[in-house]
Every structure is written in structure tokens, then in C-alpha cells.
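# Structure assessment
As a plain string of letters, each chain reads:
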Amino acid sequence: MADDLMIAVKPEIAEHARVTAAQREAMVAEATADPDAFWAKEAQRIAWMQAPSIIKNTSFTGDVSIKWFEDGVLNASVSCLDRHLATRGDQVAILWEGDDPSTDAKVTYRQLHERVCKLANAMRGMGVAKGDRVCIYMPMIVEAAVAMLACARVGAVHSIVFGGFSPDSLASRIQDSECVMLITADEGRRGGRKVPLKANADEALKACPSISNVIVAKNTGGAVAMQAGRDHWWADACDAQPAECAPEPMNAEDPLFILYTSGSTGKPKGVLHTTGGYMVWASFTHENVFDYRPGEMYWCTADVGWVTGHTYIVYGPLANGATTLMFEGVPSWPDNGRFWQVVAKHKVNIFYTAPTAIRALMRDGEGPVKKHDRSSLRILGSVGEPINPEAWLWYYRVVGDERCPIVDTWWQTETGGILISPLPGAVGQKPGSATLPLPGVLPALVDNEGTLLEGATEGNLVILDSWPGQMRTVYGDHERFIQTYFSTFPGKYFTGDGARRDADGYWWITGRVDDVINVAGHRMGTAEVESALVAHASVAEAAVVGMPHDIKGQGIYAYVTLIAGVEPTDALRKELVAWVRKEIGPIATPDAIQWAPGLPKTRSGKIMRRILRKIAANETEGLGDTSTLADPSVVTDLIDNRVG
Ligand code: PRX
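Positions within a chain are numbered from 1, following the residues in the order the chain's sequence is written. With the structure being a predicted model, the display of local features is reserved for residues of pLDDT at least 70 and the display and counting of side-chain atom pairs for 80 or more, all residues being used for whole-chain, interface and lining totals. Where side-chain values are given, they derive from all heavy atoms of the structure, hydrogens and water being excluded.

Another point: the nonpolar core. Ranked by size, the top nonpolar core spans 160 residues in total, and within it Leu112, Leu119, Met123, Ile183, Tyr315 and Val560 carry the most contacts. With 11 residues, helix H6 (residues 142-154) is the largest single contributor of residues to this core. Any pair of residues with heavy atoms lying within 4.5 Å of one another is described as a contacting pair. With sequence-adjacent residues up to four places away left out, tyrosine 315 is seen in contact with Ala76, Cys80, Met148, Leu149, Ala152, His158, Leu256, Phe257, Tyr278, Met279, Ala282 and His310. Here, the term nonpolar core denotes a set of buried Ala, Val, Leu, Ile, Met, Phe, Trp, Tyr and Cys residues that are joined through side-chain atoms within 4.5 Å. Between buried and exposed lies partly exposed: a residue is buried under 20% and exposed over 50% of the maximum accessible area for its type, with that area taken using a 1.4 Å probe on protein chains only. Listed in part, the 30 residues of the second largest apolar core include Trp299, Val343, Ile387 and Val399. Only DSSP runs of H or I with at least four residues qualify as helices, and only runs of E with at least two residues qualify as strands; both kinds are numbered from the N terminus onward.

So, on to the sheet that holds strand S15 (residues 269-274). Pairing in this open sheet of 8 strands is mixed, and the strands run S12-S11-S8-S6-S7-S14-S15-S24 from one edge to the other. Here the strands that pair on one side only, and so sit at the sheet edges, are strand S12 (231-233) and strand S24 (473-474). Note: strand S7 (residues 157-160) against strand S14 (residues 255-261), 2 bridges, orientation parallel. Counterpart to serine 159 in the pairing with S14 is isoleucine 258. Only strands joined by at least two bridges in the DSSP assignment are considered to pair.

Moving on: the sheet that holds strand S22 (residues 452-453). Sheet architecture is open: 5 strands sit in the order S22-S21-S23-S25-S26, paired in antiparallel fashion. With partners counted over all chains shown, the strands left at the sheet margins are S22 and strand S26 (507-512), one partner each.

The next thing to look at is the pattern of salt bridges. Any carboxyl oxygen of Asp or Glu within 4 Å of a side-chain nitrogen of Lys or Arg constitutes a salt bridge here. Under the defined criterion, the tally for this structure stands at 40 salt bridges. Residue glutamate 402 is joined to arginine 397 by a salt bridge in which the shortest nitrogen-to-oxygen separation is 3.7 Å. Residue glutamate 402 is classed as partly exposed on the basis of its relative accessible area, which comes to 40%. Across the pair lysine 552 and aspartate 591 runs a salt bridge, and its minimum N-O distance is 2.6 Å. Remark: aspartate 591 occurs in the loop between helix H18 (570-583) and strand S31 (592-595) and lysine 552 occurs in the loop between strand S29 (539-549) and strand S30 (553-562); sequence separation between them is 39 residues.

Along the chain, tryptophan 333 connects to proline 334 via a cis peptide bond; the corresponding omega equals 0°. With respect to the helices and strands, the residue proline 334 is situated in the loop between strand S17 (323-327) and helix H12 (338-346). With a phi close to 45°, glutamate 178 is a non-glycine residue in the positive phi region. A positive phi angle, near 60°, is found at asparagine 618, a position not held by glycine. Given the relative accessible area of 49%, asparagine 618 is considered partly exposed.

For this purpose, a residue is taken to be near a molecule or strand whenever a single non-hydrogen atom of the residue falls within 4 Å of it. Taken together, the neighbourhood of the ligand is formed by 16 residues, with Asp408, Thr409, Thr413, Asp497 and Arg523 sitting nearest. Whenever two N or O atoms come within 3.5 Å, that pair is a polar contact, provided that in protein one can donate a hydrogen and the other can accept it, and provided that, for residues adjacent in sequence, both atoms are side-chain atoms. One of the backbone N or O atoms of glutamate 385 is found 3.3 Å from a nitrogen atom in the ligand. Threonine 409 places a main-chain nitrogen or oxygen 2.8 Å from a nitrogen atom of the ligand. Of all elements in the fold, only strand S20 (406-409) and S26 reach the threshold of two or more residues within the shell around the ligand. By residue class, the composition of the shell around the ligand is 5 nonpolar, 6 polar and 5 charged. Each residue receives one of three labels: charged for Asp, Glu, Lys and Arg, nonpolar for Ala, Val, Leu, Ile, Met, Phe, Trp, Tyr, Cys and Pro, and polar for the others, Gly being one of them.

Take the UniProt feature "binding site: ATP" (unreviewed entry) in the protein next. UniProt positions are given in the numbering used here, feature names are shortened, and annotations may be inferred rather than shown by experiment. Per the UniProt record, "binding site: ATP" (unreviewed entry) is found at Gly384, Glu385, Pro386, Asp408, Thr409, Trp410, Trp411, Gln412, Thr413, Asp497, Arg512 and Arg523. For proline 386, the position within the fold is in the loop between strand S19 (379-383) and helix H15 (389-399). Given the relative accessible area of 39%, proline 386 is considered partly exposed. Excluding its chain neighbours within four sequence positions, the residues that come into contact with proline 386 are Pro355, Arg359, Ile509 and Gly511. Inspection of the secondary structure assignment puts arginine 512 in strand S26. The exposure class of arginine 512 is partly exposed, given its relative accessible area of 23%. Those residues within four positions of arginine 512 in sequence are excluded, and the remaining contacts are Gln412, Thr495, Gly496, Asp497 and Arg523. Within polar-contact distance, the side chain of arginine 512 engages the backbone oxygen of threonine 495 at 3.5 Å.

We now examine the packing of H6 against helix H11 (residues 307-319). The angle between two axes is taken between their N-to-C directions and runs from 0 to 180 degrees, where each axis is a line fitted to C-alpha atoms and a helix contributes only its stretch in contact. Contact pair H6 / H11: the axes reach a minimum separation of 11 Å and the direction vectors enclose 60°. Accordingly, the angle class assigned to the pair H6 and H11 is oblique. Note on packing geometry: the crossing formed by H6 with H11 is right-handed. On H11, the residues that touch Ala145, Met148, Leu149 and Ala152 of H6 are His310, Val314, Tyr315 and Leu318. Partitioning the contact of H6 with H11 into residue classes produces 7 nonpolar, 1 polar and no charged. These descriptions rest on fixed angle ranges, namely under 35 degrees for roughly parallel, over 145 for roughly antiparallel, 65 to 115 for roughly perpendicular, and the rest for oblique. Helix crossings are classified by the rotation of the near helix relative to the far one: an anticlockwise turn of less than a right angle makes the crossing left-handed, while a clockwise turn makes it right-handed.

Listed below in C-alpha cells is the structure:
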């Protein structure tokens, strides 16, 4: 491992850094010794209608209760909009770059405020009130951010569903949180293709009686069906509304949003974030991790359908008064120089993307990167999955010309924002390591019995105490929240990740230790793919595991047992791939399907996934003990018929 390759903070970066090494030390010391004092001070970075006097009130035991700033009152949209009007009303808040390279748009803070207020008024007019859930199923257009902030304005809880999800996935998320309104667009655009969002929504809504109004943004102008009484064009609903809208006073612990994410078992769960702590965390981490300075052009390439888009396209940058670039397209279209063309076009200073994109672009060599001027870049970021040292070094050398520090940011939907990452002016980097925790974050390693491990070692990654951005519950199922995160290692938050800590105390995330796989930075529960497969009439049983994949990090490998009498054919394999895409969405496309006459099971009927993971990874030498299997011969058959 590249433990020894330490890239020290360059003097020219340390000199102007928001946080120097000494300041970081002081922050860590204060946040640990006196969290109340530290976070009371940091809370002042956002706008309060009533400042909090109670700061931290959290417990990881018993019923697990997490409250921050609990007597504070605020509205998230005010921190992101109103308070900037006097100082930077005419500054660009959102710079939108279209899928088609000839399209872009600038929206100032004043314009964004007006658009949010108009939509918020329209929503109130349709009866949306504080606490109601509103689903957002949108492409990467400015209206997506407007919709989020308008929900926040009226106190509605948004639940964004990624535009790549299928009608079924959309429907089950709407049903789980009983959304009253859906905000969508006619169609999305990605890589020159159209995504039929409204048509998907119509399909989903057949099973969603809780939705009484749908607001549809006109994006491509493609023909869509509009249901009278239910569906409203955005412009018709908003244009005549007043340009001011009183923000709903929200308690710090009132919900801001729900975001569904995959776990080891069952359906995706609704991760619930509340208002005060989340906003403080979004602002604190965005400013310090990206060393953000006023006036900079900041670009996070994520989609607002994922948590990265929530915290680092919308809430964090807008709370900090930044110009946030919102990109509708993909890195490979019209060609694989697109990211760098956009960097040059808009003089991007801070660039934040995923390792899977870096690895895909690396394949094409330096040419497409070098063609474009990247001299504006100052900080590079990585998120979503472990970044392998080769990709890290390519990003550093080729994209950043060895000038720009890389912040490898480890976090999760559940954590609300970044927990482990270098602060670029304070922490030297090691390629492949997320380096050190942020002030106030207390990671630890435990073995499978829950014993704390000291020193340089590897184990399960837990967090010992709460931070303001932490999720508060699973929507509608607090028991599942306790079970999922606090029961494996009682009294500690279990991340589901494994990690290694080296002799310098640096953290290296090794990947999930549960049945979650990470495909191109997208989190997927193996159980979800399995239940999609067994829903097909020809499938008797299915077991899904992750397999190593050069570009995507992990691919989806499915073992499928057909019902008796069904012939395993190539046509059926294709049909099953298409089936899963239709059931969940293209991100769940299986990379390999192996016909499995039998699955390796213990005598009590439990599938031994450890063996299936090894076969998928072609590591069939060290399968370990197979003597406890009900029928050891199935393993031989699986090895002989491995796909790929
Ligand atoms: O396994 C870790 C991986 O992504 C998981 C969280 O996925 P999600 O909730 O979809 O959030 C993604 C964006 C924050 C984690 O449990 N992960 C995320 N960032 C990193 C990472 N693994 C290694 N290094 C990272 N920087």
C-alpha cells in the first residue's frame, strides 16, 4: 500500500488556506473538549429566526435520540437566499450548463429568490403545508434546485428520487412517505438522449393515491399527457404568483428532507435529515473542506438525486453564497473532454467528482484533458467510493498538474455531509486515503465482537459520537434506524464500511462490509436486485453479489436458478437484464448473470455469500471451508460455469 507516499501541503496553499494545520488542531481540540461551545459558534454561520440556546442533546443508546440546536428556529431557504440579497443579490447563484454544449444559463441570487418564492406560493395555493412530503423527480435543471428550496420555504419535506429510477422505484418511494405532490419535468436530457420523466411519473402515479397535484417543468418541450385537475405546467402555476413568500418558521429539528438509500436488507429506507444541524454541517464542511473563498466558481458533478447533490450542489454552496455550477450532461458526451471543456469555459476553481468518472476518463489518456485550459482549478475533490491510488495520481498529475490538492471525502447519505477528508491547507495527502476526520468527528475501528481496536489496524468503521449533520431516523420506522445503525455495535454508529488506520493515524476506507454494493458510486442493495430478479416468472431463486470492475469499482454479478423446465438461453439472459433495468432503473443493470442449478447453502438454508463473492471475483483458490454446505458439489458447478 502507498502508506508512505505523503504529498505535503504546499506552502502557497497553506499560506492562504481558510484553515491551517495549527488552526485545524485547535478546532479538533475544541470540538472534542467542548462540543457545545464549538458548535454554538459554528451555528452562527447560518441564519436563525431564533438562535439556539441548547446545542447538543444526543444519545446513541436506548431509543437513540439525536437533537442539535433543538430550541433554534430557522428556515433553510433564508440561509441560502434571503440573507445574500443585500450583499450579493446580483451574483450568479446557479450557473447551469446544459447537456448540449451550446446551452447554459445564469441565475442570480435575486432571481433564484424570486423563482423559489413564486413556486412556494404556488405550492401553498395547492394546499401544501408544513410537514407535508413532496416528491421531486427531476433532471439536472435549475428548477430542481428551485423545487428543493421552495419545499424548504413552505416547510414541506422534499424527497428527491433520482431521474434514472424506474416508475416502480418512484412509486414505492412516494408511497412510503405518502407524498402529496410531485414536481417533475416533461423530459430530461443526458448524453444526447431524452429521459421520459413525465411518462414514467404517470406510470408510477397509477399506484400513488396520496398525490393530488403534479407540477411539470417544460424542459425539452416533448409531448406529454397532462391530467386535468392534477397536472399543472410550472409556468401556469408560478408566473402570476407574488415574488415574495414568507418563509415558514421551522424548528431546528423539523425535517428538511427524506432521501431513500439502499441497505443490506429490505426496501430502500427513507433517511431523514432535519433543518438546523444539517444546514450547519453543509455550510461548515463545504467551506472548510473545499477551502471555499467568496467569488469562486464551484462545481460538483453529482446529480441532485443523490445526497452529494443535496449537500454540495444546493444547500452547502448556497448557504455559503457561492456560485454553484449545475451540469445536466455526462462526462463522455459529446466527447470525453466534456468535463475539462466546461472547466475552461466557466473557469472552475473547485471541482468535485467521483472516482468512477476519473477511471473512465483515464482510459482515454491525457489528450482530452490537456486540450483544455485548466489553470483556473485550485482544489479537486473525490467522493462516492474508494479512489484507487492509480486514479488518484492521474487526477492529481494530469487534471491538476500537481498544483491542486485532492480532497478525498468519505461520507454517506446518513452522515449528511463529509466526515473524513483532508482540509487542503492543513492535511498532507496520501493517494487513496481519506486522511483524517473533520473537527468533531470521532471515527473508531472495532472487531466483529465490537471490541475497540487501537493503533495501526483494520476493522469495522464506527463513529463514537454525534455530529450536527447526522440523520435523525428512518422515515416512519425509528426501530429500523436503531436496528440498522446502533445494534451491531451497541452505543456506536455503524457505518457499514470497513477501514484501515495506518501508523500516521490516516484512514483508508476499504469498502462495504455488508450486503450493499457500490456500482459507479451508486449504492445498491443486493437484496433489491434479487427481489427484482425473483419477480420474473422464469426465476426460482437469485443471489446477487458485487464483483470487481475496472471502471465502476464494483459490478453486479447475479446467480440465477431458473424454475424447473425453463431453458437457460442467451435470449433469457438478455430478458432478465432488461427486466431488472425496468424494475429498478439502468443503474441496477446486472453485469453478469450466471445460471446456477443450485446455490451454496448451509444445512439451515442460509446462502453462503462469501463463496459467491469469491467465485464472482475469480478468487476460487481460497474458498475456505465448504464442509458446512448442504451440498458441496454446487460449488464445483458454479466455479466451472463462472461468467466472464
Ligand atoms: O462505502 C462508502 C462509499 O459510499 C458509501 C455511501 O454511499 P452513499 O450513501 O450513496 O453516499 C455517497 C456519497 C457520499 C459509503 O458507505 N464512499 C463514499 N465516499 C467514499 C466512499 N468510500 C471510500 N472513499 C470515499 N471517499
